Amino acid sequence: MKKKDNILIIKHGALGDLIQADGIIKSIRLEHKNAKLVLLTSKKFINLMAMCPSIDYQLIDNRSSFFNILSLINLYKKIKQCNFKIIYDLQNSQRTYIYRKLLFNKIKWISTNRKDHEVSGLRGLEEMLKENLVNNKNVLKPNVSWLSIDIKNQIKKNKILSKYIVLLPGSSKKNPTKRWPYFSDLEKILIINGFEVVTILGPDELEIEQNFSAHILKNLSWPQLAGVINNSFFIIGNDSGPSHIASCLNKKGLALFGPSTSATRSELKRGKFQILKVDDLKNLTANEVLEVMKKMLNKK
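Summary of the structure given here. (Residues numbered from 1 in each chain as written. Predicted model: local features only at pLDDT ≥ 70, side-chain atom pairs only at ≥ 80, totals over all residues. Heavy atoms only, no water.)

## Describing the packing of helix H8 (residues 183-192) against helix H12 (residues 286-298)
Now for step 1: As a packed pair, H8 and H12 sit with axes 9 Å apart at the nearest point and diverge in direction by 55°. Taken as axis vectors, H8 and H12 run oblique relative to one another. Classified by chirality, the crossing of H12 by H8 is right-handed. Here H8 contributes Asp185, Leu186, Ile189 and Leu190 to the contact with H12, which in turn contributes Ala286, Asn287, Val289, Leu290 and Met293.
Now for step 2: In terms of residue class, the contact of H8 with H12 is made up of 7 nonpolar, 1 polar and 1 charged. (Axes fitted to C-alpha atoms, helices over the stretch in contact; angles between N-to-C directions. Helix = DSSP H or I, 4+ residues; strand = E, 2+ residues; numbered from the N terminus. Parallel < 35°, antiparallel > 145°, perpendicular 65-115°, else oblique. Left-handed = near helix turned anticlockwise from the far one by under 90°. Contact = heavy atoms within 4.5 Å. Nonpolar A, V, L, I, M, F, W, Y, C, P; charged D, E, K, R; others polar.)

Pasting the structure below:
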């Protein structure tokens, strides 16, 4: 039996970027149907990507300081012993550029060469595959249904009605300006309007738990988070990883954007999932968000 080729994909994160890369990884999988596909990623995403059907194995990159020579040597040995035929660099960072130039300059390395695409990083990766004669038809169609699990028992346990709206008030702790400040007001208005509401809080949002009065789900695993989102009626969130999960599950929902990040470059808008972009999130009221949601729900 012919030995399988080993192909390496590098994608450290963040969560939203990794989720969005599903279509790219799927394209690479189809290009190398008989190869062993290995993902080099951050330790915190190992459990998440273990569920991805396109990936066969994972390696952890701790992204230690370049002054940590021992760590670099260990990473070099791990990758070298796999004898990779091709490396697809989906991270395209300064770090992976150094990896390429100093550690793995004899392996075929496919990347965007750190060129910024005028639309988004995702479109840049789409062009990268096209330039390297890899079918790119799946790149803009990520589908992370593989991440979602059945959470009916959890919904029943928390006495949540089957038709519920999910609120995602968090975002990266590194960029608090992404957070719309009126999710608790929206929760109250939704309840008054007869909607069942579920607020999902991650470790970085636990301090705002007291602001909410309806159903609160905390510290969910990745599959539980995807399951709750997948089972929902509508989702409202910030520019965040969980919003990317909703978008890549083709759920009907809305991501709220202020001036701190680009709605276009985020590539969050796809299918049933839309974006509401404003000049100042502090000036966007809960009633305005409710009206946009109602219009979306009324569309066939």
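Additional details are given in the paragraphs that follow.
## A word on the sheet that holds strand E9 (residues 234-237)
Hydrogen bonds between backbone atoms are what pair the strands of a sheet, whose relative direction is either parallel or antiparallel.
Now for step 1: One open sheet holds the 6 strands; their spatial order is E8-E7-E6-E9-E10-E11, and the pairing between them is parallel. Both outer strands of the open sheet, strand E8 (215-218) and strand E11 (273-277), are each paired with one neighbouring strand and no more. Taking each pair of neighbouring strands and ignoring which way they run, the sheet shows an average axis angle of 20°.
Now for step 2: Pairing between strand E6 (residues 164-168) and strand E7 (residues 196-201): 4 bridges, direction parallel. In the sheet register, Leu167 faces E7, and the bridge partner there is Thr199.
Now for step 3: Packed onto the sheet, helix H9 (residues 222-230) meets E6, E7, E8 and E9 and runs at close to 135° relative to E6. (Pairing = 2+ DSSP bridges.)

## A look at the sheet that holds strand E4 (residues 86-89)
Now for step 1: With parallel pairing, the 5 strands of this open sheet are ordered in space as E3-E2-E1-E4-E5. The two strands at the open ends of the sheet, each matched to only one other strand, are strand E3 (57-60) and strand E5 (108-110). Neighbour to neighbour, the strand axes of the sheet diverge by 25° on average, direction disregarded.
Now for step 2: In the sheet, strand E2 (residues 36-41) pairs with E3 via 4 bridges, with the strands oriented parallel. Along E3, the bridge assignment pairs Thr41 with Ile60.
Now for step 3: Across the face of the sheet, helix H4 (residues 69-81) comes into contact with strand E1 (6-10), E2 and E3 while running at roughly 160° to E3.

## As for the packing of aromatic side chains
Now for step 1: A full pass over the atoms with the stated rule returns 5 aromatic pairs.
Now for step 2: A ring pair is formed by Phe45 and Trp222, whose centres lie 6.2 Å apart and whose planes are at 40°; its orientation type is tilted. With a gap of 177 residues between them, Phe45 in the loop between E2 and helix H3 (46-49) and Trp222 in helix H9 connect regions that are remote in the sequence.
Now for step 3: The class for Phe45 is buried, based on a relative accessible area of 4%.
Now for step 4: Between Tyr76 and Phe104, the aromatic rings sit 5.6 Å apart at their centres with planes inclined by 20°, giving stacked as the arrangement. With Tyr76 in helix H4 and Phe104 in the loop between helix H5 (94-103) and E5, this residue pair connects regions lying 28 residues apart in the sequence.
Now for step 5: For Phe104, a relative accessible area of 3% puts it in the buried group.
Now for step 6: Taken together through their ring pairs, the aromatic side chains of Trp180, Tyr182 and Phe183 make up a single cluster.
Now for step 7: Across from the ring centre of Tyr57, 5.3 Å away, lies the NZ or CZ of Lys36, which sits over that ring. (Phe/Tyr/Trp six-rings, centres within 6.5 Å; stacked < 30°, edge-to-face > 60°. Buried < 20%, exposed > 50% of the residue type's maximum accessible area, 1.4 Å probe, protein only. Lys NZ or Arg CZ within 6 Å of the ring centre and 35° of its normal.)

## Some words on the nonpolar core
Now for step 1: Counting 54 residues, the largest nonpolar core has Ile9, Ile24, Tyr88, Ile200 and Ile229 as the members making the most contacts within it.
Now for step 2: Excluding residues within four positions of it along the chain, Ile9 makes contact with Ile25, Ile28, Leu37, Val38, Leu39, Leu40, Ile55, Tyr88 and Leu90.
Now for step 3: Core analysis: the second largest hydrophobic core is formed by 22 residues, Ile165, Leu186, Ile189 and Met293 among them. (Core = buried A, V, L, I, M, F, W, Y, C linked by side-chain atoms within 4.5 Å.)

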